[in-house]
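# Examining the three-dimensional arrangement
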Amino acid sequence: MLLISIQTSEVTKMHPCFHRFIRLQLEAFFTFVSFRVAVQASSSLQLKEVALEAVINFCRQPTFIFEAYANYDCHIIFRDVFEEIGRLLCKHAFPTGSPLSTLQIQAFEGLVIMIHNISDHVDGEHDSSSSGPYPVEITEYRPFWDENFKANDSEDWADHARLRKAQKRKIKIAGDHFNRDEKKGLDYLKISHLVPDPPDPKPFAYFFRYTPGLDKSMIGDYLGSPDELNLQVLKEFTETFNFSGMILDNALRTYLETFRLPGESQKIQRILEAFSERFYDQQSSEIFVSKDAVFILCYSLIMLNTDQHNPQVKKKMTEEEFIKNNRAINGGKDLPREYLSELFQSISNKAISLFGQSGQPVEMNPSRWIELINRSRNSEPFIKCDFDHRLGRDMFAAIAGPTVAALSAIFEHSDEDEIINECMQGLISVARIAQYGLQDTLDELLASFCKFTTLLNPYASAEETLYAFSNDLKARMATLAVFTIANNFGHSIKGGWRNIVDCLLKLRRLKLLPQSVVEPEIASTSSSDLQMHTRSDSGVIFPSYESSFDSNCQTSSMMSRFSHFLSMETADDSLTLGGSEFERNLKIIQQCRIGNIFSNSSKLPDDALPNLGRSLIFAAAGKGQKFSTPIEEEETVGFCWDLLISIALANVHRFSTFWPYFHDYLLAVAQFPLFSPVPFVEKAMLGLFKICLKVLSSYQSDKLLEELIFKSINLMWKLDKEILDTCCEYITQSVSKILIEYPANLQSQLGWKSVLQLLSITGRHPETYDQAVETLIMLMSDGFHVSRSNYPFCIDCAFGFIALKNSPLEKNLKLLDLLADSVNLLIQWSKNGYSDPGNNLSIASSTSSSSFEDNSKFNPSNFSMNLFIKLGEALRRTSLARREEIRNHAIVALQRSFTLADELDFTSVSCINCFNLVIFAMVDDLHEKMVEYSRRDNLEREVRSMEGTLKIAMELLTDVFLQFLKPLTENSGFRTFWLGVLRRMDTCMKADLGGYGETTLQELIPDLLRKMITIMKEKQILVQKEGEDLWEITYIQIQWIAPSLKDELFPDEDL
């Protein structure tokens, strides 16, 4: 132990002054002394402590770990010294029970020193280098063994080091593939740009020479192969050895340690020939006159090795026999007897390992030391380098897993305040490092420490959880640590938010959240007012707090908070603090500053905000939650949505960036196997409309924001349509506010459709009807905000209110008048030349009318005409209402619509379409309804009422027919159309009212026919013409419909 102590002390003293010149020697010291002593089971505890202390002393030097990483870990021919130091400290620090041993405490202190050293530099204020990318990508071939580095404009030394580390990592992966399949391993080298195209033997040689863990048998088989590339690789492989100053057996031992000599004689010959040539070229004396002499003697040594150390050989070769067997091999002369004698004794005393296996420990011996000295003469000196935070991130990534595991285990098993405090400091340092592309590490750390809070025990009752939290210092420390990380490193947390949110919800159930944590009711405030203190149903307030994590001063603040916390935990202090246990717990939670996480969410980067939102949405949907009562579930869901609202309102300026992710999470929630929409959907609707009002309170140049929020609103109510009944008052108020105060900011079709659809549905309730109808009347009366895009939705909404049973007659008549007057808007759009086929298709697809959806019936360019037919169909459906006043007024409104629409320039096709889809359909429906009533008992009043409406409809048919007579006659299908008019006249004329008597239509129809035929004759439309039968078919139809008119209208026609 004394010898080891002296050695480690001297090397430690020597390193600061001579480290530039002992690069390989220092690696050997760690490999064969410090690491080996520290891990050997045979080493005593004191010896391990000495070896470990030597390693820790190196780590205490300010730049050692950075320079060790750059000089060793980032070079293919060296061991991963830094990584092995880190893993060694983690292994010895990991506790197996309580209390901690001196060796574990010693290793823990060394590990903390290393973590702090990295974190103190990883986010230094003076580091102006770029951040990332993480990880490094190898895009082109570069020699991975070349140590010479020349900086250029596009690359600095840190980039070079990171690239070489990435190459080294790929080489190890290639080694794993090679051990399983030689071809796959070598192909991986090519895929990873570690070998050029066409292949160069040198990369393969260095791969076989310096990749740890390669199968030595496979290396030997490859090197002994006769292929041209294999022979070149063998030559380059052999040239990586420096045999200067070595005698033959030591050189051969060194050479054969790197692979297993194959059994095939020809392969052995090729390998020994390559070795002999290299040894001959580097011999320091003139003993051998040719490489053939070396080759022959190598064979002789291998035979001697087998003879001396094979137990099956009974009669062993003597020294004299060995010397005799090697006479005259050196160009016809003998080799020096002393030289051969020395070789014999060396082989006899220690065998050459000809068939060694991979993974066997390598020992330091004189030949290896000579080789090391030879390599050091040609090796580049130790690189003295400045710290770069990109390297710091990569350094910690190499030991992140064991480090987090060790810190967690020590925190769990240690009972000493000092150790716990050091764990907390280590935790914060790990978080500082992990923010640079190590989000998974940070999530792992949070998951581990959230368990220590005792808040996530699914089997404990609220009382048991509160008791455990109140009586466990570690639980309170862990809680403070978790929320401190969330406050300062939220931008780097991904899945860890789920654990944080679970802890937050448990604190709420325990009523430990202070009054400073309140939901932000900021729907009507500007972005600069988002930090006003307001209160919601969940009772949470988010105060204003400026948080900006800046390296050292912020860390000092965090550390002092933990130290202050520990000082408060003494028995005397707990007595002087006063108050109940609950009050003391509340003070601890106040130190966590939970509200700042959400009030400062605007400072989170774009890619971090969705991580927090996902956790809140999933928690609100019940994922990972257990509720004891429905009230608890409702309160929890409401609390989560309050937090989501606060996040959305604080980040309206980038709403389109993060909300698509939130919407995807809502979609995912709907697909949960056990998802229950109650009360999730209710709280969601309340929250989403708050966000919607905030978005629409100001003009948005991009309508995507509006579409995103309405997309989510529609998704929610479709999950549970009953929500439109339970929340009808709030939804109606919100929609009315949008239409009254912010209609100019409503830009998208989806927005208008959603708003008017919700207004129509929620306004059906007695308590919301008046507000909803007045809102629609105000919108349509003004007409300024009615556009081609929202016009169909206004029609649908108005029809929805008119179709309600027992709705006020006055308001229905007002809506019908507004619908008729809206034709003026169509005329205005038509005159202004607005023609938008694209919108025509999109609106058609968004409406419920089958006729409007069938765009093949219309001229796509005549958008206003299509909207007019949409209006006509709504009035046609209204003409079937149960109340006579509404039916009749609907037909009057339709009559007025056609009168106004004369300026729309009806074509013959559009006229035919209007009749087929509106007027003919209305007459047929009314006749059918009248006949249906006539077949029932005690419905004479209804029959006569429907008959009166049908009369008005027939008069409308006649008036519109005559109004558009000219374009109608221009249509090639006028004959068929005219037969349709006469058929409906005949149907009404012969209507059978059963026991209710004759229909009064028989008095009206002849007058209408007389009027139409007389005008048609006056305009020379109905005249006898050769080749046309319009006159004849009309004459025949009149005989069937109203024979009394035959003589009057056709006096000259023969019977």
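Computed from a prediction, not measured in an experiment: that's the story for all the values here.

Our next topic: the nonpolar core. With 331 residues, the main nonpolar core has F208, L248, Y255, L297, F680 and F961 as its most contacted residues. The leading source of residues in this core is helix α44 (residues 908-934), at 13 residues.

Another aspect to go through is helix α34 (residues 728-741). With 14 residues, α34 should reach 20 Å at 1.5 Å per residue; the first-to-last C-alpha distance of 19 Å fits that figure. Looking at α34, one finds that the buried residues are C728, I731, T732, S734, V735, S736, I738 and L739. Structurally, α34 contributes buried residues whose contacts are with α31 (677-696), α32 (704-719), α33 (723-726), α35 (749-762) and α36 (766-782).

Once that is clear, we can look at the packing of helix α18 (residues 389-413) against helix α20 (residues 439-452). With their axes 10 Å apart at the nearest point, α18 and α20 run at an angle of 5 degrees to one another. Between α18 and α20, the angle falls in the class roughly parallel. In this structure, α18 uses F396, A400, G401, V404, L407, S408, F411 and E412 to contact α20, whose residues at the interface are T441, E444, L445, S448, F449 and F452. A class-by-class count of the residues in the contact of α18 with α20 yields eight nonpolar, four polar and two charged.

In contact at an axis separation of 7 Å, helix α5 (residues 81-93) and helix α6 (residues 102-122) are set at 140 degrees when each is read in the N-to-C sense. Judged by the angle between their axes, α5 and α6 are oblique. For the pair α5 and α6, the crossing hand works out as left-handed. Note on element contacts: α6 touches α5 through L103, Q104, A107, F108, G110, L111, M114 and I118, opposite F82, I85, G86, L89, C90, H92 and A93. Looking at the contact of α5 with α6 residue by residue, the classes come out as eleven nonpolar, four polar and no charged.

A word on the environment of T211. Within the secondary structure layout, T211 lies in the loop between α9 (201-210) and α10 (216-223). Under the relative-accessibility criterion, T211 is labelled buried at 7%. Separated by 37 residues in sequence, T211 and A174 place their C-alpha atoms 9.2 Å apart. Not counting residues within four places of it along the chain, the set of residues in contact with T211 comprises I171, G175 and Y206. Within the local environment of T211, its side chain forms a polar contact with the backbone oxygen of F207, the two atoms lying 2.6 Å apart.

Moving on, we come to the packing of aromatic side chains. Think of a pair of aromatic rings as described by two things: how far the centres are apart, and how the planes are tilted against each other in angle. Enumeration according to the criterion identifies 55 aromatic pairs in this entry. When the ring of F906 is compared with that of F964, the centres are 4.6 Å apart and the planes differ by 50 degrees; the resulting orientation is tilted. Taken together, the positions of F906 in the loop between α43 (884-900) and α44 and F964 in the loop between α45 (940-963) and α46 (965-969) put the pair 58 residues apart, joining distant regions of the chain. Side by side, F906 and F964 carry an identical accessibility label, which is buried. Grouping aromatic residues by their ring pairs yields a cluster made of F237, F241, F243, Y255, F259, F275, F279, F288 and Y339. Positioned over the ring face of F920 is R984, at 4.0 Å from the centre of the ring.

Across all of its chains, the model carries 34 salt bridges by this definition. Among the salt bridges present, the one from R253 reaches D249, with a minimum N-O distance of 3.5 Å. Of this pair, R253 and D249 both sit in helix α12 (residues 248-256), four residues apart, which is roughly one turn of the helix. Considered together, R253 and D249 belong to a single accessibility category, that of buried residues. Each of D80, K165, K168 and K172 takes part in one network of salt bridges that share partners.

Among the secondary structure elements, R278 is positioned in helix α13 (residues 265-282). Among the polar contacts listed, one links the side chain of R278 to the backbone oxygen of F241, at a separation of 2.9 Å. Filtering out sequence-adjacent residues up to four positions away, R278 remains in contact with T238, E239, F241 and F243.

Now for the side chain of R162. Turning to its location among the elements, R162 is positioned in helix α7 (residues 157-180). For R162, a relative accessible area of 3% corresponds to the buried category.

This next bit is on unusual backbone geometry. D197 connects to P198 through a cis peptide bond whose omega is 5 degrees. Of the consecutive residues V678 and P679, the connecting peptide bond is found in the cis state with omega at 5 degrees. Residue placement: P679 occurs in helix α31. Of note, H193 is a non-glycine position whose phi angle comes to about 60 degrees, a positive value. Counting through the fold element by element, H193 comes out in the loop between α8 (182-191) and α9. If you check the backbone angles, N938 has positive phi at about 60 degrees while not being a glycine. The exposure class assigned to N938 is exposed, which follows from its relative accessible area of 76%.

Rules used throughout
All residue numbers here refer to positions counted from 1 along the written sequence of the relevant chain. Given that this is a predicted model, residues contribute local features only at a pLDDT of at least 70 and side-chain atom pairs are listed and counted only at 80 or more, while totals for whole chains, interfaces and linings are drawn from all residues. Excluding hydrogens and water, the side-chain values take into account all heavy atoms of the structure. Think of a nonpolar core as a cluster: buried Ala, Val, Leu, Ile, Met, Phe, Trp, Tyr and Cys residues, connected wherever their side-chain atoms sit within 4.5 Å. A 1.4 Å probe rolled over the protein chains alone gives each residue an accessible area, and that area as a share of the maximum for its type sets the label: buried under 20%, exposed over 50%, partly exposed in between. Per the convention used, a helix needs a DSSP run of H or I reaching at least four residues, while a strand needs a run of E reaching at least two, with both numbered from the N terminus. In this scheme, a helix's expected span is set at 1.5 Å multiplied by one less than its residue total. Working rule for contacts: check all heavy atoms of both residues, and any pair within 4.5 Å makes them a contact. To get an axis, fit a line to the C-alpha atoms, keeping to the stretch in contact for a helix; angles then go from 0 to 180 degrees between the N-to-C directions. Small angles under 35 degrees read as roughly parallel and large ones over 145 as roughly antiparallel, with 65 to 115 read as roughly perpendicular and the rest as oblique. Residue polarity is assigned by list, with Asp, Glu, Lys and Arg as charged and Ala, Val, Leu, Ile, Met, Phe, Trp, Tyr, Cys and Pro as nonpolar; anything else, Gly included, falls into the polar class. For any pair of crossing helices, the crossing counts as left-handed if the nearer helix is rotated counterclockwise from the farther one by less than a right angle, and right-handed if it is rotated clockwise. Pairing of N or O atoms within 3.5 Å defines a polar contact, subject to two protein rules: one partner must be a possible hydrogen donor and the other a possible acceptor, and residues neighboring in sequence count only if both atoms are side-chain atoms. Any two rings among Phe, Tyr and Trp, with Trp reduced to its six-membered ring, count as a pair given centres within 6.5 Å; such a pair is stacked if its planes are under 30 degrees apart, edge-to-face if over 60, and tilted if neither. Criterion for a charge above a ring: Lys NZ or Arg CZ within 6 Å of the ring centre, and within 35 degrees of the ring normal. We count a salt bridge whenever a side-chain nitrogen from Lys or Arg sits within 4 Å of a carboxyl oxygen from Asp or Glu.

It is worth stressing that arrangement in space is one thing and function is another; only the former is reported here.
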